[in-house]
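# Structural features, examined
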Amino acid sequence: MNKLLKILLISSFIFSSCKETHSPPNIVFIMSDDHAFQAVSAYGHKLNNTPNIDRIAEEGAIFNKGFVTNSICAPSRAVMLTGKHSFVNGKVDNVQPFNWDQPNFAKNLQNAGYETALIGKIHLKGEPQGFNHWSVLPGQGHYYNPKFIENGDTIQIEGHVTPITTNMTLDWLDNKRDKDKPFLLLYHQKAPHRNWMTEEKYLTLFDDKTFDPPANYFDDYEGMGTAAKEQEMQIDGHAVWGHDFKFLTNPITGKKTNFNWELKRLTDDQREKWLSAYTPKNDAFRESMPTGKDLGIWKFNRYIKDYLRTIQSIDDGVGEVLDYLDKNNLSENTIVVYTSDQGFYLGEHGWFDKRFMYEESLRTPILMKYPKEIKKGTQVNQLIQNLDFAATFLDYAGIEIPEDIQGKSFRNIVNNKSSEWRDAIYYTYYEYPSVHMVKRHYGVRTDRYKLMHFYYDIDEWEMYDLKEDPSEMMNVYDNPEYSEIKEMMHMRLVEMRDKYGDTDELNKMHLERYLASKKRGAGPKK
Ligand code: SGN
Ligand code: CA
């Protein structure tokens, strides 16, 4: 046999045996609900410590420009599963039904031989499809003594939802999955969603600390548009004494609050722990009774502490799952992603909640590790969206990415194999009129600029220069110095809408559907 042929045969043997022994990676996709990137310590905001979530970035990559396509819970999850924008997958707001019959990446992985599980919050009605095992909270779920629907049966478990979700996850990993198959695990926490009810062991965490609110906490929205002025999501204004600030009687009016009713869900022991933690804090407030800006700062502190406390339990759970993977020699061949269904305002512009395309709710934390391919300490600065998860996971699993998926695999970005990527992202938001009163809008964001159109009961454009004004305090849409940029951004917007297939007609259709469902009494009330 000639030498060249021999080399060819040997190398093709090596290649094919490599292929055979190469097992597809496992995927652990961790999502929390409303977890702001500002509250992941790896992002450097120094609000709290999340050592276990940070471990994912230390052992892999952190994404500095991770965004969603529609900053609200159920639509975001639909985008994540389908890899398609809301106006394509149909789940545009928390009210419209989600069609589980459409393709999703879990179905693709399951069909390709993966063992799949979904545990925790999904917020999409109907039986989840694409999962060998599922145990999900009905709707928003409860923080204490939550019910789960497990493979169709309703069960109730005593305790706090965060460690319960973690324990279910560990139980599936250890006892319930087929260990001969690669797995996909969606481990989705309810926390830190409103109303931020902490696990007992953290009820007094941060009691000795005072947090400074963000610089624009007392924003008067002078530089912004009507939508910012007319929202209803101010910590010092719309958050309420019972549900949000955990007072049993309103300290101003003396009336009983709805928090009495919320505590009824707890066992005697749980309630006792809550009362002994909050009664002294609430009494101290009544004694000092701050007013004006001091009251605003007090409310910020009550809000941020409760919010961060719930994250501490999430971080513990992430640590337990990472430890499980390490101890069972699974880490090397497992992709772990940590993300949230959207961002959240931690007092920026005075707000809680999300929905707006302004930075803090548009952005979402994304941390990812896969020791086989991703170098430790990788920083990703491209504009990645939750739209891209489905394509990325299919790519890693070696499954062909269906052509109608709109997201792109970022595997070669996070691997540093390529730098070719999109230079603009598209955003849509529909749920209005509704709780928090954030008006309908859509927009485009490039690395430096953001253009937004608010419509329906207004017709207003806003544009921000994120380099000069990262906190988005000054709308430059009508500033003549930006006229060329404005033209360019309008072109980018048209291009984005063409690319993804969005139109004013679609907006009109979604509006009509929304108003009709509201008339029938469905969905969130204003
Ligand atoms: C609930 C919350 C809102 C929140 C929506 C949507 N109010 O209505 O503050 O914006 O959920 O959140 S609460 O009184 O019930 O806490 S989402 O994450 O599910 O979209
Ligand atoms: Ca959410």
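Residues numbered from 1 in each chain as written. Chains lettered and ligands numbered in written order. Predicted model: local features only at pLDDT ≥ 70, side-chain atom pairs only at ≥ 80, totals over all residues. Heavy atoms only, no water.

Bringing the coordination of the calcium ion (ligand 2) into the picture now. Ligation of the calcium ion (ligand 2) by protein atoms is provided by Asp33 (OD), Asp34 (OD), Asp341 (OD), Asp341 (OD) and Gln342 (OE1), these donors lying 2.1 to 2.9 Å from the ion. Geometry at the calcium ion (ligand 2) is irregular, judged from its six donor atoms and the angles of 49 to 173° they form at the metal. Every donor residue of the calcium ion (ligand 2) comes from the same chain, spaced as D-D-x306-D-Q. Pair noted here: Asp33 is in the loop between strand S1 (26-32) and helix H2 (51-59) and Gln342 is in the loop between strand S9 (334-340) and helix H11 (359-362), with a separation of 309 residues, a long-range link. You can call Asp33 buried: its relative accessible area is 0%. (Donors = N, O, S within 2.8 Å, 3.2 Å for Na, K, Ca; no water. Tetrahedral: all angles 85-135°; square planar, octahedral: opposite > 155°, others 65-115°. Helix = DSSP H or I, 4+ residues; strand = E, 2+ residues; numbered from the N terminus. Buried < 20%, exposed > 50% of the residue type's maximum accessible area, 1.4 Å probe, protein only.)

Spatially, the four strands line up as an open sheet ordered S13-S14-S15-S16, and their pairing is antiparallel. Of all strands in the sheet, those bounded by a partner on one side alone are strand S13 (424-429) and strand S16 (460-465). When the angles between neighbouring strand axes are averaged without regard to direction, this sheet yields 15°. Bridge count for strand S14 (residues 441-446) against strand S15 (residues 449-454) is five bridges, and the pairing is antiparallel. Bridge pairing in S15 links Val444 to Leu451. (Pairing = 2+ DSSP bridges. Axes fitted to C-alpha atoms, helices over the stretch in contact; angles between N-to-C directions.)

Moving on, we get to the packing of aromatic side chains. All chains considered together, the criterion is met by 43 aromatic pairs. Between the aromatic rings of Phe389 and Phe410, the centroid separation amounts to 6.1 Å while the plane-to-plane angle is 70°, which identifies the pairing as edge-to-face. In this pair, Phe389 is assigned in helix H12 (residues 389-397) and Phe410 in the loop between H12 and helix H13 (411-414), connecting sequence segments 21 residues apart. With respect to class, Phe389 is no different from Phe410; both count as buried. Put simply, the rings of Tyr221, Tyr345, Trp351, Phe356, Tyr358, Phe454 and Tyr464 pair up and form one aromatic cluster. Against the face of Tyr143 rests Lys190, its NZ or CZ located 4.8 Å from the ring centre. (Phe/Tyr/Trp six-rings, centres within 6.5 Å; stacked < 30°, edge-to-face > 60°. Lys NZ or Arg CZ within 6 Å of the ring centre and 35° of its normal.)

Okay, the layout of surface pockets next. Within this model, the largest pocket holds a volume of roughly 1200 Å³. Elements with a minimum of two residues in the lining of the largest pocket: helix H3 (73-82), strand S5 (133-136) and helix H8 (259-263). Its residues assigned to classes, the lining of the largest pocket comprises 22 nonpolar, 14 polar and twelve charged. Looking at the second largest pocket, its volume works out to about 500 Å³. Residue composition of the lining of the second largest pocket, by class: nine nonpolar, five polar and ten charged. (1 Å grid on protein atoms, 1.4 Å probe; cavity = no way out; pocket = protein on both sides within 12 Å on 5 of 7 lines; lining within 4 Å. Points joined across faces, edges and corners; volume = space filled by probe spheres on them. Nonpolar A, V, L, I, M, F, W, Y, C, P; charged D, E, K, R; others polar.)

The domain architecture assigned to the protein consists of domain 1 (24-197 + 310-421), domain 2 (200-302) and domain 3 (435-519). In this assembly, 23 residues from domain 1 lie in contact with 27 residues from domain 3. Buried surface at the junction of domain 1 and domain 3, both sides included, amounts to about 2100 Å², of which 60% is carbon and sulfur. If you sort the residues of domain 1 by the area they bury against domain 3, Phe87, Met357 and Tyr358 come out on top, with a joint share of 31%. Where domain 1 packs against domain 3, one counts three salt bridges. (Domains from an automatic or database assignment. Contact = heavy atoms within 4.5 Å. Buried area = accessible area lost by both parts, 1.4 Å probe. Salt bridge = Lys/Arg side-chain N within 4 Å of Asp/Glu carboxyl O.)

Attention shifts here to helix H9 (residues 268-288). With 21 residues, H9 extends 30 Å between its outermost C-alpha atoms, agreeing within 8% with the 30 Å of an ideal straight helix rising 1.5 Å per residue. Listed as buried for H9 are Gln270, Trp274, Ala277, Tyr278, Lys281, Asn282 and Phe285. Looking at the buried side of H9, the elements it contacts are H8 and helix H10 (292-327). Within two residues after H9, Met289 carries a phi angle of roughly 40°, on the positive side. (Expected span 1.5 Å × (residues − 1).)

This part takes up empty space enclosed by the protein. In the structure shown here, the tally under the stated rule is one cavity of 30 Å³ or more. Here the largest cavity is characterised by a volume of approximately 50 Å³. In this structure, the largest cavity is lined by Leu81, Thr82, Lys84, Pro103, Asn104, Phe105, Asn108, Pro402, Asp404 and Ile405. Secondary structure elements with two or more residues in the lining of the largest cavity: H3 and helix H5 (105-111).

Further remarks concern the nonpolar core. Of all hydrophobic cores here, the largest spans 87 residues; its most connected members are Phe63 and Phe105. Two domains each provide a minimum of three residues to this core, namely domain 1 (24-197 + 310-421) and domain 2 (200-302). The contacts of Phe63, once residues within four sequence positions are left out, are Tyr43, Ile366, Leu367, Met368, Val380, Ile384, Phe410 and Val414. Of all hydrophobic cores here, the second largest spans 24 residues; its members include Phe211, Ile304, Leu346 and Phe352. (Core = buried A, V, L, I, M, F, W, Y, C linked by side-chain atoms within 4.5 Å.)

Okay, the site of ligand 1 next. Ligand 1 sits among 16 residues. The nearest are Cys73, Gln140, Asp353, Arg355 and His436. Measuring from an oxygen atom of ligand 1, one finds a side-chain N or O atom of Asn94 at 2.9 Å. A distance of 3.3 Å separates an oxygen atom of ligand 1 from a polar side-chain atom of His123. Look at ligand 1: alone it shows 460 Å² of surface, and the protein chains cover 82% of it. Using a 2 Å cut-off from the grid points, one finds that ligand 1 occupies the largest pocket. In terms of residue class, the shell around ligand 1 is built from two nonpolar, seven polar and seven charged. (Near = heavy atom within 4 Å. Polar contact = N/O pair within 3.5 Å; in protein donor to acceptor, adjacent residues only side chain to side chain. Areas by Shrake-Rupley, 256 points an atom, 1.4 Å probe, with all protein chains shown as cover. Sits in = over half its atoms within 2 Å of the grid points.)

Turning next to the side chain of Glu431. Tracing the sequence through the fold places Glu431 in the loop between S13 and S14. When its relative accessible area of 1% is taken as the criterion, Glu431 is described as buried. For Glu431, the side chain forms a polar contact with the side chain of Arg355, separated by 3.1 Å. At a separation of 3.1 Å, a polar atom in the side chain of Glu431 contacts the side chain of Ser434.

On to the packing of H9 against H10. Interhelical geometry of H9 versus H10 gives an angle of 165° and a closest axis separation of 12 Å. When the interaxial angle is binned, H9 and H10 end up roughly antiparallel. Considering only the axes of H9 and H10, their crossing is right-handed. Contacts from Tyr278, Lys281, Asn282 and Phe285 of H9 reach H10 at Leu295, Trp298, Arg302, Asp306 and Arg309. Looking at the contact of H9 with H10 residue by residue, the classes come out as four nonpolar, one polar and four charged. (Parallel < 35°, antiparallel > 145°, perpendicular 65-115°, else oblique. Left-handed = near helix turned anticlockwise from the far one by under 90°.)

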